Amino acid sequence: VDDPYRNADVVNVPNSVNTSFYIESVLYISPFGGVNNSPILDFPPIDVACTNVLFEHNPGAHDPDGDSLVFSLVPNRGGDGAQIPNYSFPDNVPNCASSNLSINPSTGLLTWVTPKCCASGNPPPPHNEYNVAILIEEFRNGVKIGSILRDMQIDVECQCSNDPPIIIAPNQMCVFAGDTIDTAIVATDVNFEDIITMTASGEPLSLTNSPASFSQPAVGDSMVSSDFIWNTNCGHIRTNTYVMTFRAEDDDDVVPLVDYHI
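The shown structure was predicted, so the numbers you read here are calculated from the model rather than taken from an experiment.

Each value, and the rule that gives it
- Residues numbered from 1 in each chain as written.
- Predicted model: local features only at pLDDT ≥ 70, side-chain atom pairs only at ≥ 80, totals over all residues.
- Heavy atoms only, no water.
- Helix = DSSP H or I, 4+ residues; strand = E, 2+ residues; numbered from the N terminus.
- Rg over C-alpha atoms; globule rule 2.2 N^0.38 Å.
- Buried < 20%, exposed > 50% of the residue type's maximum accessible area, 1.4 Å probe, protein only.
- Areas by Shrake-Rupley, 256 points an atom, 1.4 Å probe, with all protein chains shown as cover.
- Pairing = 2+ DSSP bridges.
- Phe/Tyr/Trp six-rings, centres within 6.5 Å; stacked < 30°, edge-to-face > 60°.
- Salt bridge = Lys/Arg side-chain N within 4 Å of Asp/Glu carboxyl O.
- Contact = heavy atoms within 4.5 Å.
- Lys, Arg positive; Asp, Glu negative; His and termini not counted.
- Polar contact = N/O pair within 3.5 Å; in protein donor to acceptor, adjacent residues only side chain to side chain.

Student: Can you break down the overall build of the protein chain residue by residue, with the values?
Tutor: Tallying secondary structure elements over the protein chain gives zero helices and 20 strands in all. On C-alpha atoms alone, the protein chain measures out to a radius of gyration of 20 Å, which is about the 18 Å that the 2.2 N^0.38 rule sets for 262 residues. The principal-axis extent of the C-alpha atoms belonging to the protein chain is close to 65 × 55 × 25 Å. Counting the 262 residues in the protein chain, one finds 45% classified as buried. A total of about 13200 Å² of accessible surface is found on the protein chain, and carbon and sulfur atoms cover 53% of it.

Student: So what's going on with the sheet that holds strand S6 (residues 54-57)? Residues and values would help.
Tutor: Taken in spatial order, the three strands of this open sheet run S6-S10-S9, and their pairing is antiparallel. Whereas interior strands pair on both sides, the edge strands pair on one side only; in this sheet they are S6 and strand S9 (102-103). Pairing of S6 with strand S10 (residues 110-113), which is carried by four bridges, proceeds in the antiparallel orientation. Within S10, the residue paired with His57 across the bridge is Leu110.

Student: Describe the packing of aromatic side chains, with residues and values.
Tutor: The final tally for this structure, using the stated rule, is six aromatic pairs. Their ring planes at 85 degrees and their centres at 5.1 Å tell us that Trp112 and Tyr130 sit as a pair that is edge-to-face. Of this pair, Trp112 sits in strand S10 while Tyr130 sits in strand S11 (residues 127-140); the two residues are 18 residues apart in sequence, bridging distant segments of the chain. In this pair, the class of Trp112 matches that of Tyr130, namely buried. Between Phe228 and Phe246, the ring centres sit 6.2 Å apart and the planes meet at 85 degrees, which makes this aromatic pair edge-to-face. In this pair, Phe228 is assigned in strand S18 (residues 223-231) and Phe246 in strand S19 (residues 244-250), connecting sequence segments 18 residues apart. Assessed through its relative accessible area of 6%, Phe228 is described here as buried. Every member of this aromatic cluster is reached through a ring pair, and the members are Phe214, Phe228 and Phe246.

Student: Any chance you could break down the pattern of salt bridges for me, citing the residues and the numbers?
Tutor: Under the definition given, this model contains eight salt bridges. Put simply, Arg77 and Glu24 hold a salt bridge, and the shortest N to O gap is 3.5 Å. Here the residue Arg77 occupies a position in the loop between strand S8 (68-74) and S9, and Glu24 occupies one in strand S3 (residues 24-27), the gap between them amounting to 53 residues. For Arg77, a relative accessible area of 25% puts it in the partly exposed group. Of the residues examined, Glu24 reaches a relative accessible area of 25% and is grouped as partly exposed. Two residues, Glu137 and Lys144, come together in a salt bridge whose shortest N-O distance is 2.9 Å. On the basis of relative accessibility, which here comes to 17%, the residue Glu137 falls in the buried class. Classification of Lys144 as partly exposed rests on a relative accessible area of 30%. The structure contains a network of salt bridges with shared partners spanning Asp47, Arg247 and Glu249.

Student: Break down the environment of Gln153 for me, with residues and values.
Tutor: Here Gln153 lies in strand S12 (residues 143-157). Residue class for Gln153 comes out buried when judged on its relative accessible area of 17%. As a C-alpha pair, Gln153 and Ala133 span 20 residues in sequence and 8.9 Å in three-dimensional space. Apart from residues no more than four positions distant in its own chain, Gln153 is found in contact with Asn7, Pro45, Ile46, Asp47, Glu129, Tyr130 and Asn131.

Student: Tell me about the side chain of Asp259, and please be specific about residues and values.
Tutor: For Asp259, the location among the structural elements is in strand S20 (residues 258-261). Although buried, Asp259 forms no salt bridge, and the nearest oppositely charged side chain, Arg247, lies 10.0 Å from it. Only 2.8 Å separates the side chain of Asp259 from the backbone nitrogen of Ile167, close enough to count as a polar contact.

What follows is the structure, given as C-alpha coordinates:
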(Lines give C-alpha, C1' and ligand atoms only; values in the text may rest on other atoms or scores of the structure.)
Protein backbone atom coordinates (compact mmCIF):
# COMPACT_ATOMS: atom_id res chain seq x y z
CA VAL A 1 0.00 0.00 0.00
CA ASP A 2 1.40 3.38 -1.07
CA ASP A 3 -0.65 6.22 0.43
CA PRO A 4 0.18 9.94 -0.05
CA TYR A 5 1.07 11.60 2.28
CA ARG A 6 2.51 11.55 5.79
CA ASN A 7 1.81 14.15 8.47
CA ALA A 8 3.70 17.41 8.22
CA ASP A 9 6.79 18.10 10.37
CA VAL A 10 7.77 14.52 11.19
CA VAL A 11 11.15 15.11 12.86
CA ASN A 12 13.07 12.22 11.28
CA VAL A 13 11.40 12.23 7.83
CA PRO A 14 12.55 15.14 5.64
CA ASN A 15 9.71 16.89 3.79
CA SER A 16 7.29 14.39 5.37
CA VAL A 17 4.16 16.19 4.15
CA ASN A 18 5.19 15.25 0.59
CA THR A 19 6.45 11.75 1.43
CA SER A 20 4.24 8.70 0.92
CA PHE A 21 3.29 6.25 3.66
CA TYR A 22 4.16 2.71 2.57
CA ILE A 23 3.52 -0.72 4.11
CA GLU A 24 3.57 -4.24 2.72
CA SER A 25 2.95 -7.88 3.55
CA VAL A 26 4.80 -10.71 1.79
CA LEU A 27 3.53 -14.28 1.62
CA TYR A 28 5.66 -16.99 -0.03
CA ILE A 29 3.51 -19.69 -1.64
CA SER A 30 5.10 -23.12 -1.92
CA PRO A 31 3.63 -26.59 -2.56
CA PHE A 32 5.98 -27.92 0.12
CA GLY A 33 5.28 -25.42 2.90
CA GLY A 34 1.74 -26.33 3.91
CA VAL A 35 -0.96 -23.92 5.02
CA ASN A 36 0.34 -20.50 6.04
CA ASN A 37 -1.36 -17.54 7.70
CA SER A 38 0.28 -14.15 8.15
CA PRO A 39 1.01 -12.98 11.71
CA ILE A 40 -1.70 -11.00 13.50
CA LEU A 41 -0.86 -7.63 15.09
CA ASP A 42 -3.22 -6.78 17.95
CA PHE A 43 -1.93 -3.40 19.18
CA PRO A 44 -2.29 -0.15 17.17
CA PRO A 45 0.70 1.50 15.38
CA ILE A 46 0.30 4.88 17.10
CA ASP A 47 1.71 5.57 20.56
CA VAL A 48 2.61 8.55 22.74
CA ALA A 49 5.64 9.21 24.94
CA CYS A 50 6.91 11.76 27.46
CA THR A 51 10.19 13.48 26.73
CA ASN A 52 13.18 11.98 28.62
CA VAL A 53 11.12 8.99 29.79
CA LEU A 54 11.56 5.34 28.76
CA PHE A 55 9.13 4.57 25.94
CA GLU A 56 7.91 1.04 25.16
CA HIS A 57 5.85 -0.33 22.30
CA ASN A 58 4.94 -3.81 21.17
CA PRO A 59 2.87 -4.68 18.08
CA GLY A 60 1.30 -7.62 19.91
CA ALA A 61 2.23 -10.00 17.08
CA HIS A 62 1.40 -13.67 17.13
CA ASP A 63 1.25 -16.31 14.43
CA PRO A 64 -1.85 -18.53 14.03
CA ASP A 65 0.33 -21.40 12.76
CA GLY A 66 2.93 -21.22 15.54
CA ASP A 67 5.67 -20.08 13.17
CA SER A 68 8.69 -18.23 14.56
CA LEU A 69 8.70 -14.42 14.34
CA VAL A 70 11.80 -12.22 14.16
CA PHE A 71 11.57 -8.45 14.70
CA SER A 72 13.93 -5.74 13.45
CA LEU A 73 13.94 -1.98 12.96
CA VAL A 74 14.30 -0.84 9.35
CA PRO A 75 14.14 2.57 7.61
CA ASN A 76 10.67 3.79 6.72
CA ARG A 77 9.74 3.60 3.05
CA GLY A 78 8.10 6.09 0.74
CA GLY A 79 6.73 6.09 -2.81
CA ASP A 80 6.82 2.69 -4.58
CA GLY A 81 8.44 1.16 -1.51
CA ALA A 82 11.71 3.05 -1.91
CA GLN A 83 13.71 4.02 1.18
CA ILE A 84 13.03 7.64 2.14
CA PRO A 85 15.98 9.88 1.15
CA ASN A 86 17.94 11.19 4.15
CA TYR A 87 15.75 9.27 6.59
CA SER A 88 17.19 9.08 10.13
CA PHE A 89 16.27 6.67 12.89
CA PRO A 90 14.73 8.62 15.79
CA ASP A 91 17.83 8.21 17.97
CA ASN A 92 20.11 9.59 15.24
CA VAL A 93 18.44 12.90 14.35
CA PRO A 94 20.94 15.80 14.28
CA ASN A 95 20.57 18.16 17.27
CA CYS A 96 18.01 15.84 18.89
CA ALA A 97 20.32 13.38 20.63
CA SER A 98 18.72 10.50 22.54
CA SER A 99 19.51 7.07 23.89
CA ASN A 100 19.49 4.09 21.57
CA LEU A 101 16.25 2.99 20.00
CA SER A 102 16.17 -0.82 19.97
CA ILE A 103 13.86 -3.77 19.51
CA ASN A 104 14.04 -7.25 21.00
CA PRO A 105 14.27 -9.61 17.99
CA SER A 106 12.35 -12.36 19.78
CA THR A 107 9.57 -10.49 21.60
CA GLY A 108 9.12 -7.37 19.46
CA LEU A 109 9.44 -5.04 22.46
CA LEU A 110 10.64 -1.64 21.22
CA THR A 111 12.35 0.60 23.81
CA TRP A 112 13.62 4.18 23.57
CA VAL A 113 14.58 6.86 26.08
CA THR A 114 12.99 9.75 24.23
CA PRO A 115 14.90 13.01 23.66
CA LYS A 116 14.09 16.54 24.71
CA CYS A 117 11.76 18.12 22.19
CA CYS A 118 13.48 19.68 19.19
CA ALA A 119 12.46 23.34 19.15
CA SER A 120 11.47 24.51 15.68
CA GLY A 121 9.78 27.75 16.66
CA ASN A 122 9.06 30.18 19.46
CA PRO A 123 7.27 28.94 21.50
CA PRO A 124 8.49 25.38 20.89
CA PRO A 125 6.00 22.84 19.52
CA PRO A 126 3.73 20.98 21.99
CA HIS A 127 5.03 17.65 20.69
CA ASN A 128 7.44 16.05 18.24
CA GLU A 129 6.35 13.27 15.90
CA TYR A 130 8.65 10.45 14.79
CA ASN A 131 8.04 7.59 12.34
CA VAL A 132 9.65 4.16 12.67
CA ALA A 133 9.24 0.90 10.78
CA ILE A 134 9.25 -2.63 12.20
CA LEU A 135 9.93 -5.61 9.95
CA ILE A 136 8.31 -8.81 11.23
CA GLU A 137 9.71 -11.88 9.47
CA GLU A 138 8.04 -15.29 9.67
CA PHE A 139 10.06 -18.52 9.68
CA ARG A 140 9.12 -22.20 9.58
CA ASN A 141 11.79 -24.86 10.10
CA GLY A 142 14.43 -22.19 9.53
CA VAL A 143 12.95 -21.10 6.17
CA LYS A 144 11.49 -17.60 5.67
CA ILE A 145 7.88 -17.88 4.55
CA GLY A 146 6.59 -14.31 4.89
CA SER A 147 6.96 -10.86 6.40
CA ILE A 148 5.02 -7.77 7.45
CA LEU A 149 6.33 -4.21 7.35
CA ARG A 150 4.70 -2.05 10.05
CA ASP A 151 5.03 1.74 9.85
CA MET A 152 4.24 3.45 13.14
CA GLN A 153 4.00 6.91 14.66
CA ILE A 154 5.41 8.03 18.02
CA ASP A 155 4.27 11.38 19.43
CA VAL A 156 6.72 12.69 22.03
CA GLU A 157 4.97 15.25 24.25
CA CYS A 158 7.18 18.13 25.35
CA GLN A 159 5.34 19.02 28.57
CA CYS A 160 4.21 16.09 30.69
CA SER A 161 4.77 14.72 34.18
CA ASN A 162 3.11 11.33 33.94
CA ASP A 163 4.62 7.97 34.93
CA PRO A 164 3.73 4.77 33.08
CA PRO A 165 2.01 1.84 34.80
CA ILE A 166 4.06 -1.18 35.84
CA ILE A 167 2.95 -4.74 35.07
CA ILE A 168 3.81 -7.51 37.52
CA ALA A 169 3.75 -10.96 35.89
CA PRO A 170 5.93 -14.07 35.41
CA ASN A 171 8.72 -13.67 32.87
CA GLN A 172 8.63 -17.26 31.68
CA MET A 173 6.70 -20.39 32.53
CA CYS A 174 7.36 -24.06 31.81
CA VAL A 175 4.54 -26.55 32.41
CA PHE A 176 3.80 -30.19 31.74
CA ALA A 177 1.05 -30.88 29.22
CA GLY A 178 -2.13 -31.41 31.21
CA ASP A 179 -1.26 -28.84 33.86
CA THR A 180 -3.35 -25.71 34.32
CA ILE A 181 -1.77 -22.26 34.32
CA ASP A 182 -3.65 -19.92 36.63
CA THR A 183 -1.74 -16.76 37.44
CA ALA A 184 -2.74 -13.20 38.28
CA ILE A 185 -1.44 -10.43 36.02
CA VAL A 186 -1.26 -7.18 38.02
CA ALA A 187 -0.62 -3.59 36.93
CA THR A 188 -0.04 -0.66 39.30
CA ASP A 189 0.49 3.08 38.84
CA VAL A 190 2.33 5.46 41.18
CA ASN A 191 -0.02 8.24 40.05
CA PHE A 192 -2.88 7.16 42.28
CA GLU A 193 -5.51 9.20 40.45
CA ASP A 194 -4.89 7.30 37.19
CA ILE A 195 -7.24 4.60 35.96
CA ILE A 196 -5.45 1.63 34.36
CA THR A 197 -6.80 -0.42 31.45
CA MET A 198 -5.08 -3.77 30.88
CA THR A 199 -5.39 -5.95 27.78
CA ALA A 200 -3.59 -9.00 26.41
CA SER A 201 -2.61 -10.52 23.09
CA GLY A 202 -1.20 -13.91 22.22
CA GLU A 203 -1.70 -17.17 20.38
CA PRO A 204 -2.98 -19.11 23.44
CA LEU A 205 -6.08 -16.90 23.48
CA SER A 206 -7.02 -17.80 19.89
CA LEU A 207 -6.43 -21.55 19.90
CA THR A 208 -9.31 -23.81 18.86
CA ASN A 209 -7.97 -26.58 21.11
CA SER A 210 -8.54 -25.55 24.73
CA PRO A 211 -7.76 -21.83 24.40
CA ALA A 212 -6.49 -19.75 27.30
CA SER A 213 -8.66 -17.09 28.91
CA PHE A 214 -7.95 -13.58 30.17
CA SER A 215 -10.82 -11.35 31.23
CA GLN A 216 -10.27 -8.07 29.35
CA PRO A 217 -10.25 -5.18 29.26
CA ALA A 218 -9.50 -5.17 32.98
CA VAL A 219 -9.97 -1.70 34.48
CA GLY A 220 -8.95 -0.42 37.91
CA ASP A 221 -8.08 2.73 39.84
CA SER A 222 -4.26 2.80 40.40
CA MET A 223 -4.21 -1.03 40.41
CA VAL A 224 -5.82 -3.70 38.27
CA SER A 225 -5.61 -7.48 38.21
CA SER A 226 -6.88 -10.21 35.90
CA ASP A 227 -6.23 -13.96 35.85
CA PHE A 228 -4.55 -15.69 32.92
CA ILE A 229 -5.89 -19.26 32.84
CA TRP A 230 -4.91 -22.02 30.42
CA ASN A 231 -5.84 -25.69 30.69
CA THR A 232 -3.01 -27.23 28.66
CA ASN A 233 -3.06 -30.64 26.99
CA CYS A 234 -0.85 -32.84 24.80
CA GLY A 235 -2.10 -31.10 21.65
CA HIS A 236 -0.23 -27.97 22.76
CA ILE A 237 3.21 -29.62 22.73
CA ARG A 238 5.60 -28.07 20.18
CA THR A 239 9.17 -26.82 19.79
CA ASN A 240 8.36 -23.10 19.69
CA THR A 241 7.30 -21.23 22.81
CA TYR A 242 3.91 -19.55 23.16
CA VAL A 243 4.13 -15.78 23.59
CA MET A 244 1.68 -13.66 25.56
CA THR A 245 1.89 -9.86 25.56
CA PHE A 246 0.19 -7.84 28.30
CA ARG A 247 -0.43 -4.11 27.88
CA ALA A 248 -1.42 -1.61 30.61
CA GLU A 249 -2.37 1.99 29.77
CA ASP A 250 -3.23 4.82 32.16
CA ASP A 251 -5.74 7.61 31.51
CA ASP A 252 -3.57 10.66 32.13
CA ASP A 253 -5.30 13.78 30.75
CA VAL A 254 -2.19 14.98 28.89
CA VAL A 255 -0.17 11.89 27.95
CA PRO A 256 -1.57 8.41 28.61
CA LEU A 257 1.41 6.07 28.95
CA VAL A 258 1.73 2.30 28.62
CA ASP A 259 3.76 -0.63 29.92
CA TYR A 260 4.21 -4.00 28.22
CA HIS A 261 5.12 -7.40 29.63
CA ILE A 262 5.99 -10.40 27.46
